[in-house]
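# An overview of the molecular structure
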Amino acid sequence: MAPAAPVFSLRALAMAAMLAASLSSAHAAIFEDGEARRAILEMRQRVDGLQLSQQRSAEEVRKLGEENAQLRRSLLDLQTQIETLRAEQAKLNGQNEQLLRDVGELQRRQKDIAQGVDERLRQFEPIKVTVDGREFQADPAEKRDFEAALAVFRSGKFPDASAAFAAFVRQYPRSGYVPSARFWLGNAQYATREYKDAIGNFKQMLAEAPTHARAPEAALSIANCQIELKDTRTARKTLEDLLRAYPQSEAAVAAKERLSRLK
């Protein structure tokens, strides 16, 4: 009975060894299969990550495309607005230039009107004049009419001059020109042989302005008219009065000469 024990032991050992080897191979196979699965999972995760990244990139590209398109539309709208503004600005510039021209023309017209008004006003404003040594204020119309009448007298048109000076005295009875106007009126009447009318104007001048620069000449002219009227006695008295009133005048020299002839 003793020899049977070892056989049993060898078989048991062999089977144990085979079982151990089988277990070891199975364990190794199980270990390798788990690693592969983990690798596959990691790979899938990477692939999923790449796909997700690609999807995100595609979405971003799409969004960027939309934003770019929107930006282009905005730029086109802005360009259109700029062109519109430029056109409006050009129009406004043209209107502004026209307004400036209109304002300039208006200012020129206002200046012309103002100058015209000033000229018309100056026609009515009194001015300082000096006639026969006398200085006084006169309206421009007085000066114009007196000088016009005097020009007619100097041209030798004595009837017209007589009418012009008579009209002046009637129109401007308070004018400082009146004494001189009466003097020249008397001379024009003397030239047309209206001696009595001439004497009347000379005497009125002497009564109104006895100190006038032409008063001595007026007195001499009265005597001349009286001589023409053959009123020698009255002419003599007039000449003597002249010598007493204006002894230093040139008319006094002529009066002495007239008196010598009347003797």
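Residues numbered from 1 in each chain as written. Predicted model: local features only at pLDDT ≥ 70, side-chain atom pairs only at ≥ 80, totals over all residues. Heavy atoms only, no water.

### Examining the nonpolar core
Phe146, Phe165, Tyr177 and Leu242 are the most contacted members of the largest nonpolar core, which has 42 residues in total. For this core, the element with the highest residue contribution is helix H6 (residues 215–228), accounting for seven residues. Apart from the residues lying within four places of it in its own chain, the contact partners of Phe165 are Phe146, Ala149, Leu150, Phe153, Ala181, Trp184 and Leu185. (Core = buried A, V, L, I, M, F, W, Y, C linked by side-chain atoms within 4.5 Å. Buried < 20%, exposed > 50% of the residue type's maximum accessible area, 1.4 Å probe, protein only. Helix = DSSP H or I, 4+ residues; strand = E, 2+ residues; numbered from the N terminus. Contact = heavy atoms within 4.5 Å.)

### Quick look at helix H2 (residues 140–154)
Counted at 1.5 Å a residue, the expected span for H2 with its 15 residues is 21 Å, and the 21 Å between its end C-alpha atoms agrees. Within the span of H2, buried status applies to Pro140, Glu142, Phe146, Ala149, Leu150 and Phe153. Remark: Gly156 follows H2 within two positions and exhibits a positive phi of approximately 90°. (Expected span 1.5 Å × (residues − 1).)

### Overview of the pattern of salt bridges
Inspection of the entire model under this criterion finds 16 salt bridges. In this structure, Arg108 engages Asp112 in a salt bridge whose closest nitrogen and oxygen atoms are separated by 2.9 Å. A residue pair is termed a helical-turn pair when its members lie 3 or 4 positions apart in one helix, as Arg108 and Asp112 do in helix H1 (residues 4–122) at four residues. A relative accessible area of 42% means that Arg108 is categorised as partly exposed. The partner of Asp132 in a salt bridge is Arg214, and the shortest N-O contact between them spans 2.9 Å. Here Asp132 is found in the loop between strand E1 (127–131) and strand E2 (134–138), whereas its partner Arg214 is found in the loop between helix H5 (195–208) and H6, with 82 residues between them in sequence. Here the salt bridges share partners, and the residues they tie into one network are Glu105, Arg108, Arg109 and Asp112. (Salt bridge = Lys/Arg side-chain N within 4 Å of Asp/Glu carboxyl O.)

### Some thoughts on unusual backbone geometry
Although it is not a glycine, Asp132 adopts a positive phi angle of roughly 55°. Here the phi dihedral of Arg193 falls at roughly 65°; this positive angle occurs in a residue that is not glycine. As for its position among the elements, Arg193 is in the loop between helix H4 (178–191) and H5. Accessibility expressed as a relative area gives 63% for Arg193, which makes it exposed.

### Observations regarding helix H3 (residues 158–171)
Between its first and last C-alpha atoms H3 spans 20 Å; for 14 residues at 1.5 Å apiece the expected length is 20 Å, and the two agree. Residues of H3 that are buried: Ala161, Ser162, Phe165, Phe168 and Val169. End-on view of H3: buried residues confined to an arc of 130°, all on one side of the axis. Seen from the buried face of H3, the exposed residues on the opposite side, beyond 90 degrees, are Pro159, Arg170 and Gln171. The secondary structure elements touched by the buried residues of H3 are H2 and H4. (Arc of directions from axis to C-beta.)

### Comments concerning the packing of aromatic side chains
Under the definition given, this model contains eleven aromatic pairs. Ring geometry for Phe146 against Phe168: centres 5.9 Å apart, planes inclined by 65°, an arrangement best described as edge-to-face. Taken as a pair, Phe146 in helix H2 and Phe168 in helix H3 lie far apart in primary sequence, 22 residues in all. Neither Phe146 nor Phe168 differs from the other in exposure class; each is buried. (Phe/Tyr/Trp six-rings, centres within 6.5 Å; stacked < 30°, edge-to-face > 60°.)

### What about the side chain of Asn201?
Among the structural elements, Asn201 can be located in helix H5. One polar contact links Asn201 to Arg182, side chain to side chain, over a distance of 3.2 Å. Dropping the residues within four chain positions of it, Asn201 is found in contact with Arg182, Leu185, Gly186 and Gln189. (Polar contact = N/O pair within 3.5 Å; in protein donor to acceptor, adjacent residues only side chain to side chain.)

### Re the pairing of E2
Bridge analysis of E1 against E2 gives five bridges, and the strand direction is antiparallel. When the sheet's bridge partners are listed, Ile127 is paired in E2 with Ala138. Here E1 hands over to E2 after two residues, with Asp132 in that stretch at a positive phi of 55°. (Pairing = 2+ DSSP bridges.)

### Focus: the side chain of His212
Of note, His212 is situated in the loop between H5 and H6. A relative accessible area of 3% places His212 in the buried class. Side-chain polar atoms of His212 contact the backbone nitrogen of Arg214, separated by 3.0 Å. Excluding residues within four positions of it along the chain, His212 makes contact with Asp132, Arg134, Pro179, Ser180 and Met205.

### Concerning the confidence of the model for the protein chain
Overall, the prediction assigns the protein chain a mean pLDDT of 85, with 85% of residues at 70 or greater. Under a pLDDT of 50 for its full length, residues 1–8 has, in the predicted model, zero contacts with residues more than four places off or in other chains. (pLDDT = per-residue confidence, 0-100.)

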